[in-house]
Amino acid sequence: MERENGVRQIGHWRAGATYAGNSERFGEVTNPATGRVTGRVSFATEADARAIIESAEQASREWRETSLAKRTQIVFAFRELLNARKEELAAIITSEHGKVLSDALGEVSRGQEVVEFACGISHLLKGSMSPQASTGVDVHSTRRPLGVVGIISPFNFPAMVPMWFFPVAIACGNTVVLKPSEKDPSAALWIAELWKEAGLPDGVFNVLQGDKVAVDALLEAPEVKAISFVGSTPIAEYVFESASRSGKRVQALGGAKNHMLVLPDADLDLAADSAVNAGYGSAGERCMAISVVVAVDPIGDELVQRIADRTRTLVTGDGTGEVDMGPLVTRAHRDKVASYVDSGEAAGAKLVVDGRGITAEGAADGFWLGPTLFDNVTPDMEIYTEEIFGPVLSVVRVPSYQAGLDLINANQYGNGTAIFTKDGGAARRFEADVEVGMVGVNVPIPVPVAYYSFGGWKRSLFGDTHAHGIEGVHFFTRGKVVTSRWIDPENRPEGGLELGFPRNQ
């Protein structure tokens, strides 16, 4: 990354080296805590995208024929390097996204879990065999890589979300083109350099910077066999429809409106702590953030008071300091989230804690919005129906468990949910009846460990396959079944024509 007038020039990564490309279009990268422009990221032209995709295609044949032993060694080397230098990556994330350093380190650690899962790829790719399935006939199955795969990731987790996909994709024998968010593009390049240091052959991992031009190039290129996407539901739907028309395999993870159901018997201190942690962590810029607390009568007043008391203690400021919550990622996004606070107030929701106009521990031009809490929110309000993606927590009151369950199931999204209760029977019933892909019991953000798969239901997922875990392995491979017969020369059967369908004998 070169510098011009003190601003970094951020390009692509192609065939094991930085690649400037030929575009005259750029996007500004800012430090959200200061509002200062720190970089200019190149927006790929169609020709730039073709060059990068072709690099991945050229590396594909050799990589898929590389032994499982060698692939595993490289993935393990990447793991060791990342463990030794994860603080560097966390600092990059904080400088461009704004989340506090501890949260950025947590993001890297959760992504590392998938790398560690991929280190066991030799076991995960084992096929099966049935000798003597018919007389003299053996049948066996294998799983083979797809080829070139595209990953399109969002701004909120510039390391973890790509790491949901590329460790498994690479370990399975595919080559990767990663299109990171233009808001925080530098983490992807740092990761590319680490792969090279780990011994990954040139062209196996590539970075394509840009906007819709870059996205559409991945969706349309015939060399790209699969697309993994995380982002908003409208874009997830577009990615799914466009890539599917091009004959690609697609997993497109969309938006969310995650509810936390709190029953009257719940530990209210635990519930309040969890609501604050899950609602305001990473400034609410999480697809798994709790944005709605569903309080079952009669505990609404007490629960809201406990949440409010904790919310007022949070310190907002520069993520490199001793603070609880950082800024939002861009000025435009901060203004959009603040407009939802205006909307909720105008609609009649009770504004318990107002994060507008907060005095933050950072530069005056940072993209600040403090934690905000609404009570008495109703399902017709915009702050309930929209995915706000910011530090805005809404409390909806319901008269019963069933009313709370019905509210959650009526929502268009089905990403994550949680129930807080001391009643095991109620929790078990909720697990079975709630129409959501990931469920927590006294756990507010039920992101599964890497050897299980991540993904929601309804309009939170387009495609049939979730991320990482065994579903991720199956997404990045395709099955092949081989039926073979080797004739014993000493007992060769008499020949003859037989036009009927073969019979198993």
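Because the structure is a prediction, the values reported are computed rather than measured. (Residues numbered from 1 in each chain as written. Predicted model: local features only at pLDDT ≥ 70, side-chain atom pairs only at ≥ 80, totals over all residues. Heavy atoms only, no water.)

Draft legend 1. Highlighting a nonpolar patch on the surface. A contiguous nonpolar surface patch, about 350 Å² in accessible area, is contributed by Val-449, Tyr-451 and Tyr-452. Secondary-structure assignment places Val-449 in the loop between β21 (438-441) and β22 (457-458). For Val-449, a relative accessible area of 33% puts it in the partly exposed group. (Patch = residues over 30% accessible without salt bridge, like charges linked within 9 Å, V, L, I, M, F, W, Y side chains within 5 Å. Areas by Shrake-Rupley, 256 points an atom, 1.4 Å probe, with all protein chains shown as cover. Salt bridge = Lys/Arg side-chain N within 4 Å of Asp/Glu carboxyl O. Helix = DSSP H or I, 4+ residues; strand = E, 2+ residues; numbered from the N terminus. Buried < 20%, exposed > 50% of the residue type's maximum accessible area, 1.4 Å probe, protein only.)

Draft legend 2. Layout of the environment of Asp-273. Looking at the secondary structure, you find Asp-273 in helix α9 (residues 268-280). Separated by 215 residues in sequence, Asp-273 and Gln-58 have C-alpha atoms that sit 51 Å apart.

Draft legend 3. Seen up close, the packing of helix α7 (residues 212-220) against helix α8 (residues 233-245). In contact at an axis separation of 9 Å, α7 and α8 are set at 40° when each is read in the N-to-C sense. Put simply, α7 runs oblique to α8. Side by side, α7 and α8 meet where Lys-212, Asp-216 and Leu-219 of the first sit next to Tyr-238, Val-239, Ser-242 and Ala-243 of the second. Tallied by class, residues from the contact of α7 with α8 come to four nonpolar, one polar and two charged. (Axes fitted to C-alpha atoms, helices over the stretch in contact; angles between N-to-C directions. Parallel < 35°, antiparallel > 145°, perpendicular 65-115°, else oblique. Contact = heavy atoms within 4.5 Å. Nonpolar A, V, L, I, M, F, W, Y, C, P; charged D, E, K, R; others polar.)

Draft legend 4. Structural context of the packing of aromatic side chains. Under the definition given, this model contains ten aromatic pairs. Between Trp-164 and Phe-165 the ring centres are 6.4 Å apart and the planes differ by 75°, which places this aromatic pair in the edge-to-face class. The pair Trp-164 / Phe-165 is uniform in exposure class, with both members buried. Look at Phe-166 and Phe-205: their rings are 5.1 Å apart centre to centre, the planes differ by 70°, and that puts the pair in the edge-to-face class. Here the residue Phe-166 occupies a position in helix α5 (residues 160-171), and Phe-205 occupies one in strand β11 (residues 205-207), the gap between them amounting to 39 residues. For the pair Phe-166 and Phe-205, a shared accessibility class is recorded, and that class is buried. Geometry around Tyr-19 places Arg-14 over its ring, the cationic atom sitting 5.2 Å from the centre. Lying across the ring of Phe-26, Arg-40 places its NZ or CZ 4.1 Å from the centre. (Phe/Tyr/Trp six-rings, centres within 6.5 Å; stacked < 30°, edge-to-face > 60°. Lys NZ or Arg CZ within 6 Å of the ring centre and 35° of its normal.)

Draft legend 5. Inspection of α8 at higher detail. When the terminal C-alpha atoms of α8 are compared, their 18 Å separation across 13 residues agrees well with the 18 Å that a helix rising 1.5 Å per residue should span. What α8 keeps buried is the set Thr-233, Ala-236, Val-239, Ser-242 and Ala-243. Buried residues along α8 sit in contact with α7, β12 (224-230), β13 (249-253), β19 (413-414) and β23 (461-462). One or two positions beyond α8, positive phi appears at Gly-247, with a value near 80°. (Expected span 1.5 Å × (residues − 1).)

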